[in-house]
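What the coordinates show
Listed here are the chains, written in short residue letters.
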Amino acid sequence: NAGVTQTPKFQVLKTGQSMTLQCAQDMNHNSMYWYRQDPGMGLRLIYYSASEGTTDKGEVPNGYNVSRLNKREFSLRLESAAPSQTSVYFCASSEQGVAGQETQYFGPGTRLLVL
Amino acid sequence: EDQVTQSPEALRLQEGESSSLNCSYTVSGLRGLFWYRQDPGKGPEFLFTLYSAGEEKEKERLKATLTKKESFLHITAPKPEDSATYLCAVQAHSGYSTLTFGKGTMLLVSP
């Protein structure tokens, strides 16, 4: 099992450019998430998808859109990149335990630099 | 609003010097508390889930404990390979809820 995979690993954009970050999981998990991680800020949730066909905003959704393409894939789109979106982006998926807890498993991350 | 505070922000230990990391939380009913390890340039790696006060879990040199207000990650006789950032997260007991993460404790173990 590859677990959670993300592409690309690293990307440089110019302000105003658009791009899509791809995420896929092979663990048959229902829920998937996108986070950003910035120094001193910790992990902040951008969007999540509790199940195939649904998406919801997290803590910092402005400037982003998501698509849950199927059960395996969850993409994050930046329509017009800004320098404030320079960050490391992590995708995660989760399995629900018997008590409803969502144990999340993370991908390796995408490092994005917006100039 | 759920909150997670981790302390200290950074900790430097000598190899073999045991210590504890703290995770204080406020949540409207705890469904689960999670510990992760994150190495530089990599994604967080799941370590433990704790569900109720008094629960303990162990993995090699790590032991996680839980009370009604905080969790501790005890590191016994650490080795340099234990150097990493340790993240704590909580999940509230309300319908479908996401995780709230702390900012982490950066641990450096010197030989």
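Residues numbered from 1 in each chain as written. Chains lettered and ligands numbered in written order. Predicted model: local features only at pLDDT ≥ 70, side-chain atom pairs only at ≥ 80, totals over all residues. Heavy atoms only, no water.

1. Considering the overall build of chain A
As a reminder, the rule being used: Starting at the N terminus, helices and strands are each numbered in turn, a helix being any DSSP run of H or I of at least four residues and a strand any DSSP run of E of at least two. The reference for a compact globule is 2.2 Å times residues^0.38; the radius of gyration itself is calculated from the C-alpha atoms. Type-normalised accessible area, obtained with a 1.4 Å probe on protein chains alone, sets the label of each residue: buried when under 20%, exposed when over 50%, and partly exposed for intermediate values. Contacts: residue pairs with any heavy atoms within 4.5 Å of one another. Areas reported as accessible are Shrake-Rupley estimates using a 1.4 Å probe. Residue values count occlusion only from the protein chains shown. Asp and Glu count as negative and Lys and Arg as positive, but His and the ends of the chain are not part of the count. To locate a charge, take atom NZ for lysine, CZ for arginine, CG for aspartate or CD for glutamate.
Scanning chain A from N- to C-terminus turns up 0 helices and 11 strands. The helix and strand sequence of chain A, counted from the amino end, reads β-β-β-β-β-β-β-β-β-β-β. In terms of C-alpha radius of gyration, chain A reaches 14 Å, essentially the compact-globule figure of 13 Å for 115 residues. Within chain A, the fraction of its 115 residues that count as buried is 49%. Within chain A, counting contacts between residues at least 6 apart in sequence, those at least 24 apart form 55% of the total. With the model as given, the accessible surface of chain A reaches about 5,300 Å², and the carbon-plus-sulfur share is 49%. Taking the average place of the 10 positive charges on the side chains of chain A and the average place of its 9 negative ones, the gap between the two points comes to 8 Å.

2. Comments concerning the pattern of salt bridges
Two side chains bearing opposite charge may form a pair once their charged atoms approach each other closely. Put simply, the rule is: When a carboxyl oxygen of Asp or Glu is within 4 Å of a side-chain nitrogen of Lys or Arg, the pair counts as a salt bridge.
Under the definition given, this model contains 7 salt bridges over all chains. Between D38(A) and R36(A) there is a salt bridge, with its nearest N and O atoms 2.9 Å apart. The pair formed by D38(A) and R36(A) is uniform in burial state, with each residue classed as buried. Between D82(B) and R61(B) there is a salt bridge; the shortest N-O distance is 2.8 Å. In this pair, D82(B) sits in the loop between β8 (70–75) and β9 (84–92) while R61(B) sits in the loop between β6 (56–59) and β7 (62–66), placing the two residues 21 residues apart along the sequence. Judged by relative accessible area, D82(B) falls into the buried class, the value being 6%. A single network of salt bridges, built from pairs that share partners, joins R36(A), D38(A) and R44(A).

3. Here we look at the packing of aromatic side chains
All names here are of chain B. Cut-off, in case you're wondering: For Phe, Tyr and Trp, rings pair up if their centres lie within 6.5 Å, where Trp contributes its six-membered ring, and each pair is then called stacked (planes under 30 degrees apart), edge-to-face (over 60) or tilted (otherwise).
For the coordinates displayed, the defined rule picks out 10 aromatic pairs over all chains. Judged by centre distance (5.8 Å) and plane angle (50°), the rings of Y36 and F101 are tilted. Of this pair, Y36 sits in strand β4 (residues 30–38) while F101 sits in strand β10 (residues 99–101); the two residues are 65 residues apart in sequence, bridging distant segments of the chain. With respect to class, Y36 is no different from F101; both count as buried.

4. Structural notes on the interface of chain B and chain A
Quick note on the threshold: The quantity reported as buried area is the accessible area (1.4 Å probe) lost by two parts once they are put together, taken as the sum for both. Definition of a polar contact: a pair of N or O atoms within 3.5 Å, with one able to donate and the other able to accept a hydrogen when the atoms are protein atoms, and with sequence-neighbouring residues admitted only if both atoms are side-chain atoms.
Of the residues lining the interface, 19 residues belong to chain B; the matching set on chain A comes to 24 residues. Taken over both partners, the interface formed by chain B and chain A buries close to 1,600 Å², and the fraction arising from carbon and sulfur atoms is 58%. Between chain B and chain A we count 0 salt bridges in total. Linking chain B to chain A there are 6 residue pairs in polar contact (both at pLDDT 80 or more). Among the elements of the structure, β4, β5 (45–50), β9 and β10 of chain B are those that each provide at least two residues to the side of chain B that touches chain A. Sort the elements by how many residues they give to the side of chain B that touches chain A and β4(B) lands first, with 4 residues.

Shape descriptors only; they carry no functional weight alone.
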